[in-house]
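As a plain string of letters, each chain reads:
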Amino acid sequence: MLTKEKPTSLSVEKLKLSIVRHLRTTLASNEHVASQNTWWQATCFALNEEIFENAWSTFKQTRLDHCARTVNYLSLEFLIGRLTTNNLINLGLEDKVRQALNELGQDINAISGEERDPSLGNGGLGRLAACFMDSLVTLEYPAVGYGLHYQYGLFRQGIKNGEQVEYPDNWRDYGYPFEVCRSSFALDIPLYGHVETYYQGDTMRKRWVPSQYLRGVPWDIPVVGFEVKNVNTLRLWECRAVNEFDLNQFNQGCFASALHEKVKAESVTQVLYPNDESEMGKELRLIQQYFLCACSVRDIINRHKEHFASLDNLCDTNVMQLNDTHPAIAIPELMRILLDEEGIEWDKAWKISQRCFAYTNHTLLPEALETWPVDLIAKVLPRHIEIINEINYLFLSQVVEKQWPGDQEKLIKLSIFEEGYPRQVRMANLSVIGSYKVNGVAKLHTQLVKSDLFPEFDALFPDRLVNVTNGVTPRRWLRQCNPALAQLISANIGPQWQKDLSLLAGVEKYATDKKFVQQYADIKLANKQKLANYIKDNLAIDVSTEAIFDVQIKRLHEYKRQHLNLLHILTLYRRLLADPNYDMHSRVFIFAAKAAPGYRLAKDIIYAINKVAAVINSDERIKGKIKVVFLPDYSVTLAELIIPAADVSEQISTAGKEASGTGNMKLGLNGALTLGTLDGANVEIAEEVGDEHAFIFGLTVDQVNALKASGYRPQDYIAQNDELKAVVDWLCGDKFTPEEPGRLSSIAHSLVQGGDPYLVLADFAAYVEAQAQLDKAYRNRTAWLHSTILNTARLGKFSSDRSIEDYVRDIWHLKKVSVK
Ligand code: NBY
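- Under the annotation held in an unreviewed UniProt entry, the chain carries the name Alpha-1,4 glucan phosphorylase and is attributed to Motilimonas cestriensis.
- UniProt annotates the chain under Cofactor (unreviewed entry) with the comment "pyridoxal 5'-phosphate".
- In its Sequence similarities (unreviewed entry) section, the UniProt record describing the chain reads: "Belongs to the glycogen phosphorylase family."

### Section: the overall build of the chain
Phase 1: Counting secondary structure elements, the chain contains 34 helices and 23 strands.
Phase 2: With 820 residues in all, the chain has 61% of them scored as buried.
Phase 3: Restricting to contacts in the chain with at least 6 residues of sequence separation, those with at least 24 account for 77%.
Phase 4: In the structure as shown, the chain presents an accessible area of about 31,200 Å², 51% of it carried by carbon and sulfur atoms.

### Concerning the pairing of strand β9 (residues 212-224)
Phase 1: Counted residue by residue, β9 has 10 buried out of 13 residues, so it is predominantly covered.
Phase 2: Here strand β5 (residues 180-181) pairs with β9 via 2 bridges, running antiparallel. Directly across from C181, in β9, lies its bridge partner W219.
Phase 3: Relative to β9, strand β6 (residues 187-191) is paired through 5 bridges, and the arrangement is antiparallel. Bridge assignment links L191 to a residue of β9, and that residue is Q212.
Phase 4: Here β9 runs beside strand β10 (residues 231-241); their pairing, made up of 11 bridges, is antiparallel. Each residue of the ladder has a partner; that of V217, found in β10, is E238.
Phase 5: Connecting the antiparallel pair β9 and β10 is a turn made up of 6 residues, with E227 showing a positive phi of about 60 degrees.

### Topic: the nonpolar core
Within soluble globular proteins, side chains that are nonpolar generally end up buried alongside one another.
Phase 1: Counting 213 residues, the largest nonpolar core has L567, I626 and W812 as the members making the most contacts within it.
Phase 2: With 11 residues, the top contributor of residues to this core is helix α10 (residues 283-305).
Phase 3: Counting contributing residues per domain, this core is built from domain 1 (65-81 + 117-470 + 805-812) and domain 2 (527-785), each supplying no fewer than three.
Phase 4: Aside from chain neighbours lying at most four places away, what touches W812 is R69, V71, Y73, L136, V319, Q321, Y436, I804 and Y807.
Phase 5: Grouped together as the second largest cluster of nonpolar side chains are 58 residues, F516, I590, L785 and I789 included.

### Topic: the side chain of T317
Phase 1: Summarising the element assignment, T317 is placed in helix α11 (residues 314-317).
Phase 2: Of the residues examined, T317 reaches a relative accessible area of 7% and is grouped as buried.
Phase 3: A distance of 2.8 Å separates polar atoms of two side chains, one belonging to T317 and the other to H304.
Phase 4: T317 has contacts with C67, A68, R69, T70, H304 and F308, leaving out every residue within four places of it along the chain.

### A few points about the site of the ligand
Phase 1: Around the ligand sit 22 residues, and of these L125, E277, H362, E658 and G661 come closest.
Phase 2: At 3.0 Å from an oxygen atom of the ligand is found a side-chain nitrogen or oxygen belonging to R285.
Phase 3: Within the backbone of A659, one N or O atom sits 3.3 Å away from an oxygen atom of the ligand.
Phase 4: Burial of the ligand by the protein amounts to 96% of the accessible area it has alone, namely 560 Å².
Phase 5: Top element by residues in the shell around the ligand is helix α6 (residues 124-138). It accounts for 3 residues.
Phase 6: Split by residue class, the shell around the ligand holds 5 nonpolar, 11 polar and 6 charged.

### With respect to helix α33 (residues 781-794)
Phase 1: The end-to-end C-alpha separation of α33 is 20 Å, in line with the 20 Å expected for 14 residues at 1.5 Å each.
Phase 2: Three or more residues of α33 are buried, namely W784, L785, S787, T788, I789, L790, N791, T792 and A793.

### Here's the deal with the domain arrangement of the chain
Phase 1: Considered domain by domain, the chain is made up of domain 1 (65-81 + 117-470 + 805-812) and domain 2 (527-785).
Phase 2: Placing a centre on the C-alpha atoms of domain 1 and another on those of domain 2 gives a separation of 36 Å.
Phase 3: Listed by partner, the interface residues are 34 residues for domain 1 and 38 residues for domain 2.
Phase 4: Counting each side, the surface lost to burial between domain 1 and domain 2 is near 2,800 Å², with a carbon and sulfur contribution of 55%.
Phase 5: Here domain 1 is connected to domain 2 by 4 salt bridges.
Phase 6: With its nearest N and O atoms 3.5 Å apart, the salt bridge here joins R555 to D276.
Phase 7: For the pair domain 1 and domain 2, the number of links is 16 residue pairs in polar contact (both at pLDDT 80 or more).
Phase 8: For the side of domain 1 that touches domain 2, the secondary structure elements donating two or more residues are α6, β3 (156-160), β4 (163-167) and α18 (443-453).
Phase 9: Broken down by element, the side of domain 1 that touches domain 2 gets its largest block of residues, 4 residues, from α18.
Phase 10: Partitioned by chemical class, the residues of the side of domain 1 that touches domain 2 number 12 nonpolar, 13 polar and 9 charged.

### A closer look at the sheet that holds strand β22 (residues 673-676)
Phase 1: What the 6 strands build is an open sheet, ordered β20-β19-β18-β21-β22-β23; its pairing is parallel. Only two strands of the sheet have a single neighbouring strand rather than two, namely β20 (626-630) and β23 (695-696).
Phase 2: Both strand β19 (residues 587-592) and β20 contribute to a ladder of 5 bridges, which runs parallel. In the sheet register, F591 faces β20, and the bridge partner there is F630.

### Here's the deal with the packing of helix α1 (residues 12-26) against helix α2 (residues 36-64)
Relative placement of two packed helices is described by the angle separating their axes and the distance separating the axes.
Phase 1: Where α1 meets α2, the axes come as close as 8 Å, and the angle between the chain directions of the two elements is 115 degrees. Judged by the sense of rotation from one axis to the other, the crossing of α1 with α2 is right-handed. Contacts between α1 and α2 involve S18, I19, R21, H22, L23 and T26 from the first element and T38, W39, A42, T43, F45, A46 and E49 from the second.
Phase 2: A class-by-class count of the residues in the contact of α1 with α2 yields 6 nonpolar, 5 polar and 2 charged.

### What to know about the packing of aromatic side chains
Phase 1: What the rule picks out here adds up to 23 aromatic pairs.
Phase 2: Taking 5.4 Å as the distance between ring centres and 70 degrees as the angle between the ring planes, the aromatic pair formed by F132 and Y807 counts as edge-to-face. Here F132 is found in helix α6, whereas its partner Y807 is found in helix α34 (residues 800-812), with 675 residues between them in sequence. Assigned by exposure class, F132 and Y807 land together as buried.
Phase 3: In this arrangement the basic side chain of K666 is found over the ring face of W477, its NZ or CZ atom lying 4.3 Å from the centre.
Phase 4: The residue whose ring lies beneath R743 is Y607, and the NZ or CZ to ring-centre distance is 4.0 Å.

Scoring rules and cut-offs
Residues numbered from 1 in each chain as written. Predicted model: local features only at pLDDT ≥ 70, side-chain atom pairs only at ≥ 80, totals over all residues. Heavy atoms only, no water. UniProt positions renumbered as here; feature names shortened; annotations may be inferred. Helix = DSSP H or I, 4+ residues; strand = E, 2+ residues; numbered from the N terminus. Buried < 20%, exposed > 50% of the residue type's maximum accessible area, 1.4 Å probe, protein only. Contact = heavy atoms within 4.5 Å. Areas by Shrake-Rupley, 256 points an atom, 1.4 Å probe, with all protein chains shown as cover. Pairing = 2+ DSSP bridges. Core = buried A, V, L, I, M, F, W, Y, C linked by side-chain atoms within 4.5 Å. Domains from an automatic or database assignment. Polar contact = N/O pair within 3.5 Å; in protein donor to acceptor, adjacent residues only side chain to side chain. Near = heavy atom within 4 Å. Nonpolar A, V, L, I, M, F, W, Y, C, P; charged D, E, K, R; others polar. Expected span 1.5 Å × (residues − 1). Buried area = accessible area lost by both parts, 1.4 Å probe. Salt bridge = Lys/Arg side-chain N within 4 Å of Asp/Glu carboxyl O. Axes fitted to C-alpha atoms, helices over the stretch in contact; angles between N-to-C directions. Left-handed = near helix turned anticlockwise from the far one by under 90°. Phe/Tyr/Trp six-rings, centres within 6.5 Å; stacked < 30°, edge-to-face > 60°. Lys NZ or Arg CZ within 6 Å of the ring centre and 35° of its normal.

Okay, structure coming up:
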């Protein structure tokens, strides 16, 4: 038994009745004709009966506890993944629903497989938000997630002829059973127009006269706690037109243009922008951001005002966490409401506002730091640009000028505005100035935020910058994705680890227990077989579970260095061609990654991986020693299949570039050994697990900086290393693209003529050496299994429950609200 039963939980009989009732009444079907998808919907509706009642109790209980302070997690992305199994586990109903469906002639796995994965995020940032929602509710903290109800999530990826092609992801097509439209909370949001000045007695006041409104309609997705009654809310705003269509035009026969306003409004939440680590400065994206912020801030204020007449104590009832700078426009939005609508004077309004916001930074990459053209903000949000101006003026004159009198350079660097053509608003500066706490997402990252990104802010506000190392929810990333391992752990140390992951330390003593080790090994093998079957079914590639499953799964980006992995694969291939008896354990290199549609080189790297895979996989000379597998359409669901089957976790970003990483945590927990650089949370993973149980290689942040300062010359590395030269040359020729010679040369070009901005060539030799060590280590089966189990046992720190307790202690100061 992995899960405690909840006191009110339903019986198998009641569940069967409820599922059949929903088939017949809600879904106009019956148990004789229902499709698998209809069965799935009916099952979800049966669960909702339990869920929505608890959601309501949670909401009421929070009010009763004197409006306990609530964290509002503002994020443009929530990459929640499928919810069916997750909800079953968290409700403690998995076994009963399995039985109920079984007795109804249905298979629970097939039924949960009917759910489309809601991909409402790009990568780590969006998935982190989903893990945090799971932990917040499980720890019984009052929390609301605020996001956008995209009609299309992140594009689905196909591979055609080796190349990425994008298809729309209509995730809710005919409806999604776990969401409910709460039309009574709809709001109208202003845009464009101008600002008027007027006098109220002697005081000059401002008001925004917008020229357009958008309607925000909330869709609520319940977030079910594990082994608690609490159910929190993820509220996703959908944008609609205030007026359905122009009746005049319609009557004159201009049907298409009558719909113009509707189409334009609906485009705001039509599609998730598919870029990670880059901003694009488009008007529609700015409106998306503002639309989320305006709806959410208004919703929070409305909630507050049900109990309090003024907003003076808003920060006692609420905190707003900005998930990166994407929702930073919430800061001037709250200021506008306090100043213009509530009539509060500036200093007091600023104090209130600043105590409401905290900001999480997820990146140091310069191209990912958001800026918006001043003119664009002035056009869309004319009052907000005035407020940003005033915030900046007061900050520069009262804070910066006081600390560093007459220091022009400091003023230029710290200003919210970046001078130039066009003038830009720096959202990170606005976020730091407008928040009471700012956090990085891993120890190293936070250090770099303090020393490199915001050193002056750190000097001005010494207590503002803090660290909260990321984490992942053990419910989805161990219990759900690896049920056999979860079962084994529970059988030996009890099930409590699921709510307190530090208890995994209790597994350590089994790392030398013969029976346990064998069971652990059998589970890994079965997981590898399951993945091997998927690979065979989907790509028609045979892979052996005897081989090392070496996994790199993450967005495709130069800084993550999938091409370093590729260069190593080519190196092994060359060695095998030169010497068919070259001594290596067989290896399956598994990739999954989406590239931003406009990121040329990233797409070229995907193409290269696929072309190399085709050649290597069909080369009989190497006797199957290497297989290369690119799994298309990486998603949360696919991650749940790959992670439990991995032997090796590739975390090979250039030191200083990956803020944290969270896949590294998931893979380690499931017993993959990390092959990684000292970057992001890898540093803390190695610290926890011990250097002997990971493969750490490559330049450190300091060495990267020193090398760059001394004038990095990639050609020198090629000149000194024949193998490296040979594989880079391969990319320039026609070895892998006989029909298109030179088609892979863009990669070689970026590494040589392009200056190799992410030091792939500088780390190549160390990487190849670490791979050789790993190959050797894998062959000592006892030692490898020992390390593997220690990874599971020692990574308890990386639960998102721990991250949330850090946020609560250092930033949010929430109290638990238990639903009885
Ligand atoms: O956030 C990731 C970091 O790269 C990773 O190291 C970290 O573990 C994770 C959670 O803290 N960042 C990330 O996923 N960023 C994005 O997805 C993203 C999305 C949109 C935009 C920028 C970045 N944007 O500008 O629109």
